[in-house]
Amino acid sequence: METISNNIFERGCLIQTSCSIWTGRVKLPASAINVSADPDFIRASKFLIDKDCLKPIEKIRNEAKSYVYAKTIPFPIAGIMFIPKDLITQVDTKLKEYQAEFDLAVEAFAENYETFIENAKGNLSDLFNAAEYPHHIQEHFGFSWRFLIMDTPGQVGLLPAEVYEREKQKFIQTINEFQSNAIATLRASFAEMVDHIVDRLSDNKKIFRDSLIGNISDFINDFKALNITDDAELAGLTDRCKKILDGIDPQDIRDDEGLRGHVARKIAEVQQSLDGMMVDRPTRKLRRVEDAA
């Protein structure tokens, strides 16, 4: 039991993030819905303020989520991710920056809250209800994270022997599932980026953003830390890709059709090798925020 957990949890720990944002809307009572249908079959809501007012805060939330997503591996417990130990300090520092941005955006929202309500009053007309607006609006926002140290599910002396043995087997199954998914997830993430590069660079008419190269470079730079299962095959392909892209600026690719074709062909070779390693790709999608070209 301890051998299984130590093999993984000597390489990192779990991280749980939380970000709460006031929704800015409420359900409409059945009496406000002027339709002949059975009210039990209808669900409707109204926006208490212009929904665009919350977008700056939501943007920070989404960027932070994408950042953590790119630095971690999904763990078989909802809302929990595995973070390699070499990335913990980096992620913690970056989340502090996002938290500061989030708090400033919430403060700016709170300062304009009464104006947002006044504007909504005219738009909502008879549906406006002052009682639906929270008085202490900042309490309805939050940004936090914590690192979790995973250990055995309990002590023999604490749990009855039968319960302990059952939880032990569940824990072993969870770890085995995590290890298997970790391999598939990293391969799928890398494959998605490789596919995107080949698709964009193989056609000179297609434009691409700097993030086309930046995203895969970031992945390659983090791969050593993320490769907690010692996937030698994928490590070899990321090394090949690194050698292809080393020293190449996205603008050079745009300006030089010959270079663009060369990179496309070389990455396509990596793609072919990668396709041979893939069986069933997991459904995880990349959530990176692309930079403007």
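As a reminder, the structure under discussion sits directly above these lines.
Residues numbered from 1 in each chain as written. Predicted model: local features only at pLDDT ≥ 70, side-chain atom pairs only at ≥ 80, totals over all residues. Heavy atoms only, no water.

A. Quick peek at the sheet that holds strand β4 (residues 73-74). Strand order in the open sheet formed by four strands is β4-β5-β1-β6, and the pairing between neighbours is antiparallel. Pairing within the sheet leaves two strands with one partner each, and these edge strands are β4 and β6 (142-148). Of the strand pairs in this sheet, β4 and strand β5 (residues 81-84) are connected by two bridges, and their pairing is antiparallel. What sits directly across from Ile73, in β5, is Phe82. Lying on the sheet, helix α3 (residues 85-111) is in contact with β1 (12-20), β5 and β6; it crosses β6 at an angle near 165 degrees. (Pairing = 2+ DSSP bridges. Helix = DSSP H or I, 4+ residues; strand = E, 2+ residues; numbered from the N terminus. Contact = heavy atoms within 4.5 Å. Axes fitted to C-alpha atoms, helices over the stretch in contact; angles between N-to-C directions.)

B. Up close: the pairing of β1. Relative to β5, β1 runs antiparallel, the two being bridged by four bridges. When the bridges of β5 are listed, Leu14 appears paired with Phe82. In terms of strand pairing, β1 meets β6 through seven bridges, oriented antiparallel. Across the sheet, the residue bridging to Ile15 is Phe147, located in β6.

C. Examining the nonpolar core more closely. By size, the foremost hydrophobic cluster in this structure holds 78 residues, and its most contacted members are Trp22, Ile57, Phe109, Tyr133, Phe141, Phe190 and Ile216. With 13 residues, the single largest contributor to this core is helix α5 (residues 161-201). The contact partners of Phe109, leaving out residues within four places of it in the chain, are Trp22, Ile49, Cys53, Leu54, Ile57, Phe116, Ile137 and Phe141. (Core = buried A, V, L, I, M, F, W, Y, C linked by side-chain atoms within 4.5 Å. Buried < 20%, exposed > 50% of the residue type's maximum accessible area, 1.4 Å probe, protein only.)

D. View of a negative patch on the surface. A contiguous patch of negative charge on the surface is contributed by Asp249, Asp252, Asp255, Asp256 and Glu257. As for its placement among the helices and strands, Glu257 is situated in helix α9 (residues 257-277). (Patch = residues over 30% accessible without salt bridge, like charges linked within 9 Å, V, L, I, M, F, W, Y side chains within 5 Å. Areas by Shrake-Rupley, 256 points an atom, 1.4 Å probe, with all protein chains shown as cover. Salt bridge = Lys/Arg side-chain N within 4 Å of Asp/Glu carboxyl O. Lys, Arg positive; Asp, Glu negative; His and termini not counted. Charge placed at Lys NZ, Arg CZ, Asp CG, Glu CD.)

E. Geometry of the layout of surface pockets. Approximately 390 Å³ is the volume attributed to the largest pocket. In terms of lining residues, the largest pocket is bounded by 20 residues, among which Thr17, Ser18, Lys65, Val68 and Gly79 are the most central. Elements supplying a minimum of two residues to the lining of the largest pocket: β1, α2 (55-71) and β6. (1 Å grid on protein atoms, 1.4 Å probe; cavity = no way out; pocket = protein on both sides within 12 Å on 5 of 7 lines; lining within 4 Å. Points joined across faces, edges and corners; volume = space filled by probe spheres on them.)

F. Inspection of the packing of aromatic side chains at higher detail. Enumeration according to the criterion identifies 15 aromatic pairs in this entry. Among the aromatic residues, ring-to-ring pairing joins Trp22, Phe109, Tyr113, Phe116 and Phe141 into one connected group. Above the face of the Phe208 ring, Arg254 is positioned so that its terminal group lies 4.7 Å from the ring centre. (Phe/Tyr/Trp six-rings, centres within 6.5 Å; stacked < 30°, edge-to-face > 60°. Lys NZ or Arg CZ within 6 Å of the ring centre and 35° of its normal.)

On their own, these measurements won't tell you what the molecule is for.
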